[in-house]
Amino acid sequence: MFTLSEEPLENLDLKGPLLRREAGGCVEFSGRVRDFNQGRPVASLEYQAYAGLAEKEGALILKEAREKFEILDASCFHRSGHLQIGEMAVWVGVVSIHRKEAFAACQYIMDELKQRLPIWKKEHYSDGDSGWIRSQVSCNEAGNP
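Summarised in this report is the structure supplied together with it. (Residues numbered from 1 in each chain as written. Predicted model: local features only at pLDDT ≥ 70, side-chain atom pairs only at ≥ 80, totals over all residues. Heavy atoms only, no water.)

**Things to note about the overall build of the protein chain**
- Helices and strands together make up the secondary structure of the protein chain, namely 2 helices and 9 strands.
- Its helices and strands taken in sequence order, the protein chain reads β-β-β-β-α-β-β-β-α-β-β from the N to the C terminus.
- Computed over the C-alpha atoms, the radius of gyration of the protein chain is 16 Å, within 12% of the 15 Å expected from 2.2 N^0.38 for a compact globule of 145 residues.
- For the protein chain, the C-alpha atoms occupy an extent of roughly 50 × 35 × 25 Å along the three principal directions.
- Burial status across the protein chain gives 42% buried among its 145 residues.
- A separation threshold of at least 6 residues defines the contact pool for the protein chain, and within that pool the share at least 24 residues apart is 73%.
- Just so you have it, the protein chain exposes about 8,200 Å², and 48% of that area is on carbon and sulfur atoms.
- Side chains of the protein chain give 18 positive and 22 negative charges; the mean places of these two sets differ by 4 Å. (Helix = DSSP H or I, 4+ residues; strand = E, 2+ residues; numbered from the N terminus. Rg over C-alpha atoms; globule rule 2.2 N^0.38 Å. Buried < 20%, exposed > 50% of the residue type's maximum accessible area, 1.4 Å probe, protein only. Contact = heavy atoms within 4.5 Å. Areas by Shrake-Rupley, 256 points an atom, 1.4 Å probe, with all protein chains shown as cover. Lys, Arg positive; Asp, Glu negative; His and termini not counted. Charge placed at Lys NZ, Arg CZ, Asp CG, Glu CD.)

Structure follows, in structure tokens:
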């Protein structure tokens, strides 16, 4: 399941849908908003997403991970909207019988999300300046003019 959420991820049941009796390994990754980037102090950031395409592509990435790795299931939540320092921006969870496949699948999912999702990040700096961070997905690839 891939979910795009404007609600803080800390308020959601992220792991619950993945709980399985046969799962010997559960790997989780959470990406959080940090207070610096490329030497600049960051005050907050915002994510804008092409929601329909992001949800479709996110679900496809999870499907690929299930096919590529011997895992039981995988799930991902990604924030949109304005986030403060320390808030969770993305969460990936993978369950498998053994840990090795869960670790590999989790890394694959994160790498693919960063490359393929039409989600753009704007950093707001402590000095009042702001700027869009270069995305791996161009507007044309995301279906935007």
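Following the structure, the description resumes.
**Concerning the sheet that holds strand β1 (residues 2–5)**
- A sheet is described by the order of its strands in space; here 4 strands give the open sequence β1-β5-β7-β2, paired in mixed fashion. On the outer flanks of this sheet lie β1 and β2 (25–32), each paired with one strand and no other. The sheet shows a mean angle of 10° between the axes of neighbouring strands, direction not considered.
- Of the strand pairs in this sheet, strand β5 (residues 73–79) and strand β7 (residues 88–96) are connected by 6 bridges, and their pairing is antiparallel. From the neighbouring strand, A74 faces β7, where its bridge partner is V94.
- The strands that helix α2 (residues 99–116) touches are β1, β2, β5 and β7; relative to β7, the one it contacts most, it runs at about 145°. (Pairing = 2+ DSSP bridges. Axes fitted to C-alpha atoms, helices over the stretch in contact; angles between N-to-C directions.)

Purely spatial values, then, with no claim about function.
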